[in-house]
Amino acid sequence: QQQIVVMATAFIPPPAISTEASDEIARLYNEGLISPQEFQHIVHAHQKAEKETQEFSQPLGRMPDVYDVYAHRHDPSYWAHPRLYDANRPVLDNMCLVEFVRKFCVPRKGPHAGRIKCHRHGVITKKLQFHPEYSSDPTFEGGRDYGMYCRFALVRYRPWVDAPFGRVVPEEDGGGGESGTVATAEYKPEEDECIRQWREYLLELRERMHLIPDVL
């Protein structure tokens, strides 16, 4: 009886472990099915695994990539340091994806994995390689890929938030659910619409005397 009391009082579920995992570890430990050394090993393993995933378990359910963090760049929780976010907040509205990638990176490992950081060696000035690549010449091979070029050019050079072309309510979704919210889906325009939007955006850049993307 004394042994059970000691083990029960000694067990303090660490905050990084989920309730279900904590209950199971406590049961195994209190029933003497695992040793104190095994208990510590399980706790540390859970802490390490959940520390790596808990920050971005919702809503993405995965480690965010550069497109994800760019779409959520106005959210301070996606930044490695609050001061870095505060310093760049005034320019985030007008920062396109290419400018963002030149200045920031998203580590895949380490204490700031999945969060926005500055490049270690400063702003990247060399030409960036995006994939897939399409010809910017509307006459190349009869303009077969020009619509796709315009689509990706808009994603890269026109600032956007959440989704490159916004969101719409699907036609089959007539209204909100039980909570009163309306489900939306990312809008994916046809290629003709992408061509029109890209040409309009180029005119806007020229009117503002803005640097035209060097891929043209």
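Everything below is about the structure printed above this text.
Residues numbered from 1 in each chain as written. Predicted model: local features only at pLDDT ≥ 70, side-chain atom pairs only at ≥ 80, totals over all residues. Heavy atoms only, no water.

Quick notes on the overall build of the protein chain
Across its full length, the protein chain carries eight helices and four strands. When the helices and strands of the protein chain are listed from N to C terminus, the series reads α-α-α-α-α-α-β-β-α-β-β-α. Counting over 216 residues, the protein chain shows a buried share of 33%. The contacts in the protein chain between residues at least 6 apart in sequence include a share of 49% that link residues at least 24 apart. When the accessible surface of the protein chain is summed, it comes to about 14400 Å², and 53% of that surface belongs to carbon and sulfur atoms. (Helix = DSSP H or I, 4+ residues; strand = E, 2+ residues; numbered from the N terminus. Buried < 20%, exposed > 50% of the residue type's maximum accessible area, 1.4 Å probe, protein only. Contact = heavy atoms within 4.5 Å. Areas by Shrake-Rupley, 256 points an atom, 1.4 Å probe, with all protein chains shown as cover.)

Brief notes about the packing of helix α7 (residues 146-157) against helix α8 (residues 191-207)
For the pair α7 and α8, interaxial distance at closest approach is 8 Å and the crossing angle is 50 degrees. By the angle between their directions, the pair α7 and α8 is classed as oblique. For the element pair α7 and α8, the recorded crossing hand is left-handed. Contact with α7, carried on its side by Tyr146, Gly147, Met148, Tyr149, Cys150, Arg151, Ala153, Leu154 and Tyr157, involves Glu191, Cys194, Ile195, Gln197, Trp198, Arg199 and Tyr201 of α8 and no other residues of that element. (Axes fitted to C-alpha atoms, helices over the stretch in contact; angles between N-to-C directions. Parallel < 35°, antiparallel > 145°, perpendicular 65-115°, else oblique. Left-handed = near helix turned anticlockwise from the far one by under 90°.)

Considerations on the packing of aromatic side chains
Enumeration according to the criterion identifies 10 aromatic pairs in this entry. Arranged with centres 5.8 Å apart and planes meeting at 25 degrees, the rings of Tyr134 and Phe152 form a pair that is stacked. Of the two residues, Tyr134 sits in the loop between β2 (117-118) and α7 while Phe152 sits in helix α7, which places them 18 residues apart along the sequence. The exposure class assigned to Tyr134 is partly exposed, which follows from its relative accessible area of 26%. Owing to a relative accessible area of 22%, Phe152 belongs among the partly exposed residues under this scheme. Here Trp198 and Tyr201 contribute two aromatic rings whose centre-to-centre distance is 6.2 Å and whose plane-to-plane angle is 35 degrees, an arrangement assigned as tilted. Of the two residues, Trp198 and Tyr201 both sit in helix α8, three residues apart, roughly one turn of that helix. (Phe/Tyr/Trp six-rings, centres within 6.5 Å; stacked < 30°, edge-to-face > 60°.)

Structural notes on α7
Its 12 residues give α7 an end-to-end C-alpha distance of 16 Å, which sits within 8% of 16 Å, the value for a rise of 1.5 Å per residue. Most of α7 is tucked away, with 10 of its 12 residues classed as buried. Considered for burial, the residues of α7 that qualify are Tyr146, Gly147, Tyr149, Cys150, Arg151, Ala153, Leu154, Val155, Arg156 and Tyr157. (Expected span 1.5 Å × (residues − 1).)

Some details on the pattern of salt bridges
Tallying each qualifying case throughout the model produces six salt bridges. Here Glu141 makes a salt bridge to Arg144, at a shortest N to O gap of 2.6 Å. The residue Arg144 makes a salt bridge to Asp145 at a minimum N-O spacing of 3.5 Å. Via salt bridges that share partners, Glu141, Arg144 and Asp145 belong to a single interconnected network. (Salt bridge = Lys/Arg side-chain N within 4 Å of Asp/Glu carboxyl O.)

Remarks on the nonpolar core
Grouped together as the largest cluster of nonpolar side chains are 34 residues, with contacts concentrated most on Trp79, Phe100, Phe104, Ile116, Cys150 and Trp198. Apart from residues lying up to four places away in sequence, Phe100 is in contact with Val66, Val69, Tyr70, Arg73, Met95 and Ile116. (Core = buried A, V, L, I, M, F, W, Y, C linked by side-chain atoms within 4.5 Å.)

Brief notes about the side chain of Asn88
Looking at where Asn88 falls in the secondary structure, it is placed in helix α5 (residues 82-88). Exposure remark for Asn88: the relative accessible area of 5% places this residue in the buried category. Apart from the residues within four sequence positions on either side, Asn88 is in contact with Trp79, Lys103 and Phe104.

Remarks on α8
Because each turn of an α-helix spans 3.6 residues, side chains separated by three or four positions end up pointing in the same direction. Over its 17 residues, α8 runs 25 Å from end to end, which matches the ideal 24 Å to within 8%, given 1.5 Å per residue. Turning to α8, its buried residues number three or more, namely Cys194, Ile195, Gln197, Trp198, Tyr201, Leu202 and Leu205. For α8, the secondary structure elements touched by its buried residues are α7.

Some points on the environment of Cys194
Mapped onto the elements, Cys194 comes out in helix α8. Taking relative accessible area as the criterion, Cys194 reaches 0% and is therefore assigned buried. Cys194 has contacts with Gly147, Cys150, Arg151, Leu154, Phe165 and Pro189, leaving out every residue within four places of it along the chain.

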